[in-house]
Amino acid sequence: MSTAHPATTSPRVAVVTGAGLAVPGLTLPDELLGTVRDGGFDPVTGLVGRDLRHKDRASRLALRAVAPALRDAGLLDGDGYTGPGDTTAVVVSTNNGILENVCSFADTIARDTVLGLSPLGLPQTSSNVIAGSVAMAHGLRGPNVTLCNGPTSGLDALYWARALIVTGRAETAVVIGVEPAGDIVTKLLGTPALDGAVALVLESAAGAAERGATVRATVAGCARAADLAGAVARAGGLTPDLWLTEAAGDPAGPRAHAVLDPAAGLGAASGALGLLQAAAAVAHLDEHGRHTVLATCGGPEDDGVAAVFLTGPHHTP
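Residues numbered from 1 in each chain as written. Predicted model: local features only at pLDDT ≥ 70, side-chain atom pairs only at ≥ 80, totals over all residues. Heavy atoms only, no water.

An unreviewed UniProt entry annotates the protein as Beta-ketoacyl synthase N-terminal-like domain-containing protein originating from Streptomyces microflavus.

K.L.:
Can you walk me through the overall build of the protein in this structure?
P.N.:
A count of helices and strands for the protein gives nine helices and 12 strands. Relative to a compact globule of 317 residues, whose C-alpha radius of gyration would be 20 Å, the protein shows 19 Å and is just as compact. By its C-alpha atoms, the protein is 60 × 45 × 40 Å across when sized along the principal axes. Among the 317 residues that make up the protein, the fraction classed as buried is 49%. In the protein, the proportion of contacts linking residues at least 24 apart, taken out of those at least 6 apart, comes to 71%. Accessible surface, the protein: about 13500 Å² in total, of which carbon and sulfur atoms supply 55%. Across the protein, the centroid of the 20 positively charged side chains sits 5 Å from that of the 30 negatively charged ones. (Helix = DSSP H or I, 4+ residues; strand = E, 2+ residues; numbered from the N terminus. Rg over C-alpha atoms; globule rule 2.2 N^0.38 Å. Buried < 20%, exposed > 50% of the residue type's maximum accessible area, 1.4 Å probe, protein only. Contact = heavy atoms within 4.5 Å. Areas by Shrake-Rupley, 256 points an atom, 1.4 Å probe, with all protein chains shown as cover. Lys, Arg positive; Asp, Glu negative; His and termini not counted. Charge placed at Lys NZ, Arg CZ, Asp CG, Glu CD.)

K.L.:
Would you mind showing me how to read the environment of Ala264 here?
P.N.:
With respect to the helices and strands, the residue Ala264 is situated in the loop between β10 (258-260) and α9 (273-287). A relative accessible area of 51% places Ala264 in the exposed class.

K.L.:
Looking at this structure, how should I read the sheet that holds β10?
P.N.:
Hydrogen bonds along the backbone pair up the strands of a sheet, which may run parallel or antiparallel. The sheet built from 10 strands is open, its strands ordered β5-β4-β6-β7-β1-β8-β12-β11-β9-β10 with mixed pairing. Every other strand in the sheet has two partners, leaving β5 (144-147) and β10 as the edge strands with one partner each. Across this sheet, the average inter-strand angle for adjacent strands is 25°, counted without regard to direction. Where strand β8 (residues 217-225) and strand β12 (residues 305-311) come together, seven bridges link them in antiparallel fashion. Opposite Arg224, over in β12, you have Ala306 as the bridge partner. (Pairing = 2+ DSSP bridges. Axes fitted to C-alpha atoms, helices over the stretch in contact; angles between N-to-C directions.)

K.L.:
When you look at the packing of helix α2 (residues 57-72) against helix α4 (residues 129-138) in this model, what are you seeing that I'm missing?
P.N.:
Packing of α2 against α4 leaves a shortest axis separation of 9 Å and a crossing angle of 45°. Of the possible angle classes, the one that applies to α2 and α4 is oblique. Seen from above, α2 lies across α4 with right-handed handedness. Residue-level contacts link Ala58, Ser59, Ala62, Leu63, Val66 and Leu70 of α2 to Val129, Ile130, Ser133, Val134, Ala137 and His138 of α4. Per-class residue counts for the contact of α2 with α4 are nine nonpolar, three polar and no charged. (Parallel < 35°, antiparallel > 145°, perpendicular 65-115°, else oblique. Left-handed = near helix turned anticlockwise from the far one by under 90°. Nonpolar A, V, L, I, M, F, W, Y, C, P; charged D, E, K, R; others polar.)

K.L.:
Looking at this structure, I do not really get the pairing of β12. What am I missing?
P.N.:
A regular strand carries its side chains on alternate faces of the sheet. Taking burial as the measure, the seven residues of β12 include seven buried ones, the bulk of the element. Both strand β11 (residues 292-297) and β12 contribute to a ladder of six bridges, which runs antiparallel. Directly across from Ala295, in β12, lies its bridge partner Val308.

K.L.:
Quick question: what am I supposed to make of the packing of aromatic side chains here?
P.N.:
The description of two aromatic rings rests on the distance between their centres and on the angle between their planes. For the structure on display, the rule yields one aromatic pair. Centre to centre, the rings of Tyr159 and Trp160 are 5.0 Å apart; their planes meet at 75°, and the pair counts as edge-to-face. (Phe/Tyr/Trp six-rings, centres within 6.5 Å; stacked < 30°, edge-to-face > 60°.)

K.L.:
What's the story with the nonpolar core in this structure? I'm lost.
P.N.:
Side chains of a nonpolar character, in soluble globular proteins, are inclined to be buried together. Membership of the largest hydrophobic core comes to 47 residues, with the highest contact counts inside it found for Val16, Leu158, Val175, Leu200, Leu202, Leu276 and Leu310. For this core, the leading source of residues is α9, giving nine residues. Setting aside residues up to four positions removed in sequence, Leu200 forms contacts with Val16, Gly18, Ala19, Leu158, Ala173, Val174, Val175, Leu275, Ala278 and Ala279. Residues Ala58, Leu61, Leu75 and Ala199 belong to the second largest nonpolar core, which totals 32 residues. (Core = buried A, V, L, I, M, F, W, Y, C linked by side-chain atoms within 4.5 Å.)

K.L.:
Sorry, what's going on with the side chain of Glu179 here?
P.N.:
Looking at the element boundaries, Glu179 is found in strand β6 (residues 172-179). There is a polar contact of 3.0 Å between the side chain of Glu179 and the backbone nitrogen of Asn96. Apart from the residues within four sequence positions on either side, Glu179 is in contact with Leu61, Thr94, Asn95, Asn96, Gly97, Leu194, Asp195, Gly196, Ala269, Ser270, Gly271 and Ala272. (Polar contact = N/O pair within 3.5 Å; in protein donor to acceptor, adjacent residues only side chain to side chain.)

K.L.:
I would appreciate a short explanation of the pairing of strand β4 (residues 88-93) in the present structure.
P.N.:
The element β4 is largely enclosed, with a buried count of six among its six residues. Neither face of β4 is left uncovered, since the one carrying Thr88, Val90 and Val92 and the one carrying Ala89, Val91 and Ser93 both have all their residues buried. As paired strands, β4 and β6 are joined by six bridges and run parallel to one another. Residue pairing in the sheet places Thr88 in a bridge with Thr172 of β6.

K.L.:
I would appreciate a short explanation of the pattern of salt bridges in the present structure.
P.N.:
Where side chains of opposite charge bring their charged atoms close, a pairing between them can arise. A full pass over the atoms with the stated rule returns 11 salt bridges. A salt bridge links Asp156 to Arg224, with the shortest nitrogen-to-oxygen separation between them at 3.4 Å. Note that Asp156 is positioned in helix α5 (residues 153-166) and Arg224 in strand β8, a separation of 68 residues in sequence. Like Arg224, Asp156 is buried. Between Asp286 and Arg216 there is a salt bridge; the shortest N-O distance is 2.8 Å. Separated by 70 residues along the polypeptide, Asp286 in helix α9 and Arg216 in the loop between α7 (205-210) and β8 bring together distant segments of the chain. Relative accessible area serves as the criterion here: at 40%, Asp286 is assigned to the partly exposed category. (Salt bridge = Lys/Arg side-chain N within 4 Å of Asp/Glu carboxyl O.)

Next up, the structure:
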């Protein structure tokens, strides 16, 4: 990602109208900020059903996060997706989503040669299987993109979703961060991993207004740079009320009234981290409509830092 999308006065503005989770023990995005409820998503019971047959775990998690996000945005009813299918994009962020699938196929080939493979499982070895599954399930025929971009992947997905809307390539974008857990993933990362997904619905501000949707947040600026200070400056350099990050101790970080890591305790979130931060930002802005929230991913040991500013519906520049 070589360019930035800073805060802009472009007539095409990307806004968030829905958010959904499929994270063990959680139900709504405000729980990422500390709200406590009983129950929550249970993968044992939540990842079964006729609609999920023959799908890999990452796709099943993604589908379970997308449905409440679309419902939250007012774009899903008993007959299915009610938005503009031809101009709705799907952007997925995942770094380990198909790792278990690929390793399983490699083991089968080593043991039984290619004759032991099942054609039903072959699509699950494609990194784009998750985005394809979501698009086919809801009839979304716009641009379809998967990012496997390391620690910044989740916020990079927001960058590209916003770009698709601002440039007129899409009117709506379903943005998903998903990472399935498993023995192979845990062995690779060396630590317990997130087993969940998060989804946001982005729309053009004009499109949201036309259908009377509730705007939850505006994606005010996105950027990627070599370091934290550069990414924040390129994304617009706004003053955040809340900074969502894993790098709270970074001296180059901006001054903020509060700093929080919403993914703490969920396991290594990898490609889902940036979308978990964005969902937490939406929950915060539901309560503080004039605030600005900054989300950042990546650090000195990575190949870059991504930054996204989200502002509330009543924010005054």
